[in-house]
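# Survey of secondary and tertiary structure
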Amino acid sequence: MNKSISRIIGVIMLIVAFVFIMFALNHPEKSFSWNNTITWLLYGVYFLVTVVLLIAPKMKK
């Protein structure tokens, strides 16, 4: 994956995360049907992938 595609995907993921957080803060009555541990694990994986996509293009091979 080249640098520009990686950065574009990373920025899109950040925007989606921001929109999701704004929605979640305005609708506290909605929730996932599974355990909170699974939810936090999914959040962590999403954050890790976003960081890798944003930092990877800056690293030298």
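Report follows, based on the coordinates. None of these values were measured; they are calculated from a predicted model.

Calculation criteria
Residues numbered from 1 in each chain as written. Predicted model: local features only at pLDDT ≥ 70, side-chain atom pairs only at ≥ 80, totals over all residues. Heavy atoms only, no water. Helix = DSSP H or I, 4+ residues; strand = E, 2+ residues; numbered from the N terminus. Buried < 20%, exposed > 50% of the residue type's maximum accessible area, 1.4 Å probe, protein only. Areas by Shrake-Rupley, 256 points an atom, 1.4 Å probe, with all protein chains shown as cover. Phe/Tyr/Trp six-rings, centres within 6.5 Å; stacked < 30°, edge-to-face > 60°. Axes fitted to C-alpha atoms, helices over the stretch in contact; angles between N-to-C directions. Left-handed = near helix turned anticlockwise from the far one by under 90°. Contact = heavy atoms within 4.5 Å. Nonpolar A, V, L, I, M, F, W, Y, C, P; charged D, E, K, R; others polar. Expected span 1.5 Å × (residues − 1).

The next subject is the overall build of the protein. For the protein, the helix and strand inventory stands at 2 helices and 0 strands. Each of the three principal axes of the protein carries a C-alpha extent, and together these read 45 × 20 × 15 Å. In the protein, which comprises 61 residues, the proportion classed as buried is 11%. Of the roughly 5,400 Å² of accessible surface on the protein, 75% is carried by carbon and sulfur atoms.

Summed over the entire model, instances satisfying the criterion amount to 2 aromatic pairs. Measuring from ring centre to ring centre gives 5.3 Å for W40 and Y43, while their planes differ by 90 degrees; the resulting arrangement is edge-to-face. Here W40 pairs with Y43, and both are found in helix α2 (residues 36-55), just 3 residues apart, close to one helical turn.

Before going further, it helps to examine the packing of helix α1 (residues 3-26) against α2. Their axes nearest at 8 Å, the elements α1 and α2 cross at an angle of 145 degrees. The handedness of the crossing between α1 and α2 comes out as left-handed. Touching S6, R7, I9, G10, V11, M13, L14, V16, A17 and F20 of α1 are Y43, Y46, V49, T50, L53 and L54, all from α2. Residues that form the contact of α1 with α2 fall into these classes: 12 nonpolar, 3 polar and 1 charged.

This brings us to the environment of G10. Within the secondary structure layout, G10 lies in helix α1. Of the residues examined, G10 reaches a relative accessible area of 0% and is grouped as buried. Along the chain, G10 and L53 lie 43 residues apart, while their C-alpha atoms are 5.2 Å from each other. Beyond its immediate stretch of four places on either side in the chain, G10 contacts T50, L53 and L54.

With that settled, the discussion passes to α1. Given a rise of 1.5 Å per residue, 24 residues ought to cover 34 Å, and the 35 Å separating the end C-alpha atoms of α1 matches this to within 8%. All of the buried residues in α1 are S6, G10 and M13. On its buried side, α1 packs onto α2.

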